[in-house]
Amino acid sequence: MLKYTIKRILYSVLILFFVMFIIYLLMYSLPGGYIQTRAQELASKPNSTKSYQEWLDFLNAQYGMDKGVVQGYFTWLGSAASGNLGDSWVWTLPVTEVFHNTVWYSFILGAVSFVFEIIIAIPLGIKAAKNQYGFTDYFASVFSMICISMPTFFLATLLKYVFAIKLEWFEISGMKSRDYINLSEFGKFLDVAAHFVLPAITLIIISIGGLMRYTRTNMLEVLNSDYIRTARAKGVPEKKVINYHAFRNTLVPLVTTLGGSLPGLFSGALITETLFAIRGIGHASYQSMLQADIPFIMFYLAFLSILTLLGNLISDLLYAVVDPRVRLS
Amino acid sequence: MSKYLYDALLKKKRESSGAEQNNNGEVALDDISRVKVLSPARKVFKRFMRNRLAVVGAIILICMFAFAFLGPLFYPYEQDQHFYKYDTQTINYSQAKRIVNYTGYKVDDGIKVDSEVETMMNSNVKGMIADGVESKFVLGADGAYTIDKIADSIYSLSKADSKLICSAGVHSVKLGVYSRGTKTFSPAPGEDIPEGFEDSLKNAKMTGSEGTVVIGGVEYTYKRGAQKTDLDIFHRVEGILYHSGEKGGDFEAVLTDSVENEKDFEFGGKTYSLVQNGDVFDVYELGSAKVAMVYTLYALNKVDLEKEFPDEVRVKALLAAGKGGEFKAEGKTYYLEKDEDDLIIKDSGKNVIADMSLISVRRYSGQDTMEYGLKRTVIKKIEEMDSTDTREGKFVYAIPRQDTETGQVVYDEDGKLVMDDSDLYINRSDTGVYNITCDQIIFLIDTYAPVSGTHILGTDGDGYDVFARVMYGGRISLLVGFVVVFLEIILGVIMGGLAGYYGKWVDMIIMRLVDIFYCIPSLPILIILGVLMDYQRLDPIPRLMVMMATLGILGWAGVARMVRGQILSLREQEFMVAAEATGIKVSTRIFKHLIPNVMPQLIVIATMGMGGVILTESTLSFLGLGVKHPLATWGTMINSVSDQTSIAKYPYIWIPVGLLICITVVAFNFVGDGLRDAYDPRSKK
């Protein structure tokens, strides 16, 4: 087990190395890229102390762009590994500080939606599987398919239109009301919470469909297996068959996927956060991308890749932990 | 073996169907005709048709394709066709204001007027009015000028031959230059220097760039000279200093008197003017003056707009304003009459050719193209409003009629403009500007037209028909889906096929590549690429290509993994062993024997992938980083009404489009699901 884990981690590091190389390559080879634009911008500022060429050289040196791809990549990698991720150009703060300021909003948003997603999707999926081809099943299938197919931006706009513009229950975007300062501590909490409702609903609806279908498929698989037939043949009450024998076995794949998606809670919801102006990491990264903020983009992409790899790793390890039949080698 | 048996059975079936005709439908229980034999494709089709959701999805897709690809053929509008409308709008017809600044006109081109004097003219004239003076002496860089009043609001600027006679008051006279470096004093020519002055200077304490020093009870001032170490020494003298020949005691007596009153004076038939210059008054003797320019508040209103109005006539008229009556210009005689505030210019035949008013009326664009009669009416109305102190007024005047259909001015059979009496409104703003407005029919782009018969979903912010754009947008969205999925499949099949077939290090490398591509965050990459293409100002079409290529390259990993898995298991099966044994080429083995066996999975993955690609494309377009104007896609269309006010105001644009995206993706997913179940029934039961 330990050996396997170490092997997987080393392998993930290797993958990460190449992924970051590809991303670096992309940044490096972009014609007339960000750096020129940025240098021009910096040089044209009234208090600029350097000329365009000096800025260009400075920035190129900072990101190892003046060296050739491979060497430059190692320069960047070296400084990143030693914790020096540079300063964000857009936020004019160290990248790590921007990360700290934003990631927790994303995490709260992600975690709340994650909990609701589980609470709603799993029982619905099980119910659909129990009545295969029944009304609930059809309803659940269609509903989950719509959820999967809904474009995030359309859903967000629709929710804004209905709940913010027509019903005026929530504010259309942002994280704080205008009179936030005057509220009591608890009032402040409620105010921010109210602003998180619509984004959370968006995220829940978007993600609910996939989990529901996954639960349903797995539950069906379990329900069609021999030991369930045996249990039924032995006269075990249907309730016990479903809740005790079938459900517990359905949990195996569910736990592994859900565990695998845990790191994803930190990755932020780029579109949702942007549309609702939630200052999470997705919003920050989108702004950075629009304004060619290389240090933050490189960091964010690296962060996303790490989260993906971590998710895979957790999922694989959980599989072995949850299901005693699996032996890792 | 089984094929052989099957042939025998078919033979038997044919025989028995012949027998059926003979025996009037009596069929044995074990007759083959009771077993329906379906081809694999028909079997899949039948299973597919049993899935209601899949059928609904398929129908939706067919409708969508017909709508997007055939619809535009029958729909009258193009995606980038602007629509216009004619609308009665209250427009700012013209603007009027009382003129407050004097404008100068050259009388004599031969006289050059100092620009400083020209700039100061307005304030000088206003100063004269405030002081109640009719004439004023001004000094320019190149000589003296006089301003004289000709009539109310008309002033002439003349250049006078002036001579500086003397200065009265306390003067500083330069005694000489003292060099601090060499400690020597060099006196200025013609100055009497007291004895021992130089020695006293040496002992005197002189610091800084200027100051005073007392030598022998007399106060001297010093100032830094041309060089750093040099000091100019000045002696202060009170009295009259002549610049040219002395004038005598009588003159000085008058001068002293005038200086006290600070007034110009006359002496010996000549006029002398005082100009204050520091502590001194410079006295100028004025010679004959020549009018160089005339300044006025009056604006000229021509009766005949087409005809050129010579500047000379205007200038002469202004000069004649004081006297009134007749004047000559360009060899012709003109008459000038005063009518209340206005001046009327008539030609030799006593016909009014122009007038001059203190209120200028211009078209809103600033052009002087307004009809004389209308101008007069406006001026009269404004005077009337001012006298009663009202801010709003209304009058009726005939202005060209406009066609209610086209908004163009209408001509009658003789080619003349058709005039209609229209209501014109005058409104005085706080800044003292009179705005004249009237209702006119104008031609404009029909933006955000509501839903109507001509525009089923209205028009958007650019005046395009939304319904037409929905169809063309569907075309691009579906096309993008197809191209990208095709690319993904090609790349995936090649890579997956190679990995699965060759195994070993090829498999190893390709699968690591797949892992890497799985890990690359695709949406951020696409956004960055979109921003970059924005920087590069790429045209919409190449941009679309780049986007499709990127989507394809980022998406092949899943296909490759699936193909590899399938091929790994197929490779071990007997038919592949047979294919190898019969010596079939490797490429044939892969593409003819392996890939067709992966086809069902490929079709399913392609159908499902299509929905995903459409979602990604519309998201990118929504962010403004995908397909660009004027090409329409569903994402761009929602993007164009995505700000807060537009969301509330134009739901009839974005809701149908959003639903279309959703429905299309749902349909692709249903069909994909249905196909998977149909190909592989075990997955469900």
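Anything mentioned here points back to the structure above.
What counts and what doesn't
- Residues numbered from 1 in each chain as written.
- Chains lettered and ligands numbered in written order.
- Predicted model: local features only at pLDDT ≥ 70, side-chain atom pairs only at ≥ 80, totals over all residues.
- Heavy atoms only, no water.
- Axes fitted to C-alpha atoms, helices over the stretch in contact; angles between N-to-C directions.
- Helix = DSSP H or I, 4+ residues; strand = E, 2+ residues; numbered from the N terminus.
- Parallel < 35°, antiparallel > 145°, perpendicular 65-115°, else oblique.
- Left-handed = near helix turned anticlockwise from the far one by under 90°.
- Contact = heavy atoms within 4.5 Å.
- Nonpolar A, V, L, I, M, F, W, Y, C, P; charged D, E, K, R; others polar.
- Patch = residues over 30% accessible without salt bridge, like charges linked within 9 Å, V, L, I, M, F, W, Y side chains within 5 Å.
- Areas by Shrake-Rupley, 256 points an atom, 1.4 Å probe, with all protein chains shown as cover.
- Salt bridge = Lys/Arg side-chain N within 4 Å of Asp/Glu carboxyl O.
- Lys, Arg positive; Asp, Glu negative; His and termini not counted.
- Charge placed at Lys NZ, Arg CZ, Asp CG, Glu CD.
- Buried < 20%, exposed > 50% of the residue type's maximum accessible area, 1.4 Å probe, protein only.
- Buried area = accessible area lost by both parts, 1.4 Å probe.
- Polar contact = N/O pair within 3.5 Å; in protein donor to acceptor, adjacent residues only side chain to side chain.
- Pairing = 2+ DSSP bridges.

### Quick look at the packing of helix 8 (residues 185–223) of chain A against helix 10 (residues 238–261) of chain A
Residue and element names in this part refer to chain A.
- Closest axis-to-axis distance for the helix 8/helix 10 pair is 9 Å, and the angle between their directions is 135°. By the angle between their directions, the pair helix 8 and helix 10 is classed as oblique. Once helix 8 is placed against helix 10, the crossing between them reads as right-handed. From helix 8, L211, Y214, T215, N218, M219, V222 and L223 reach across to helix 10, where they touch I242, A246, F247, N249, T250, P253, L254, T257 and L258.
- For the contact of helix 8 with helix 10, a count of residues per class yields eleven nonpolar, five polar and no charged.

### Re a positive patch on the surface
Residue and element names in this part refer to chain B.
- A cluster of basic residues, K36, R42, K46 and R50, forms a positive patch at the surface.
- Checked against the element boundaries, R42 lands in helix 2 (residues 40–50).
- Looking at R42, the relative accessible area reads 53%, which means it is exposed.

### Overview of a nonpolar patch on the surface
Residues and elements named next belong to chain A.
- Together, I108, V112, V115, F116, I119 and I120 line one region of the surface with nonpolar side chains, adding up to about 490 Å² of accessible area.
- Within the fold, V115 resides in helix 5 (residues 95–130).
- On the basis of relative accessibility, which here comes to 44%, the residue V115 falls in the partly exposed class.

### Considerations on the interface of chain A and chain B
- Between chain A and chain B, the residue contacts involve 50 residues of the former and 43 residues of the latter.
- Contact between chain A and chain B buries roughly 4200 Å² in total, counting both sides, with carbon and sulfur atoms accounting for 79%.
- In this assembly, chain A and chain B are joined by one salt bridge.
- Of the charged contacts, one joins D673 of chain B and R213 of chain A as a salt bridge, the two residues approaching to 2.8 Å between their closest N and O atoms.
- Where chain A touches chain B, the interface holds five residue pairs in polar contact (both at pLDDT 80 or more).
- Every element with two or more residues in the side of chain A that touches chain B is listed here: helix 1 (2–29), helix 2 (34–44), helix 6 (135–149), helix 7 (152–166), helix 11 (270–276), helix 12 (281–290) and helix 13 (294–322) of chain A.
- When its residues are assigned to classes, the side of chain A that touches chain B shows 37 nonpolar, eleven polar and two charged.

### Some words on the sheet that holds strand 16 (residues 342–346) of chain B
Residue and element names in this part refer to chain B.
- With antiparallel pairing, five strands are arranged side by side in an open sheet as 13-17-16-15-14. Strand pairing shows two members of the sheet lacking a second neighbour, strand 13 (299–302) and strand 14 (325–329), which therefore form its edges. Here the average twist between neighbouring strands, direction ignored, is 30°.
- Summarising the sheet, strand 14 and strand 15 (residues 332–339) pair through five bridges and their orientation is antiparallel. Paired with A329 across the strands is K332, a residue of strand 15.
- Against the sheet, helix 7 (residues 311–320) touches strand 13, strand 14, strand 15, strand 16 and strand 17 (352–357), its axis set at about 145° to strand 14.
- Docked against the sheet, helix 8 (residues 372–388) engages strand 13, strand 16 and strand 17, running at close to 135° with respect to strand 13.

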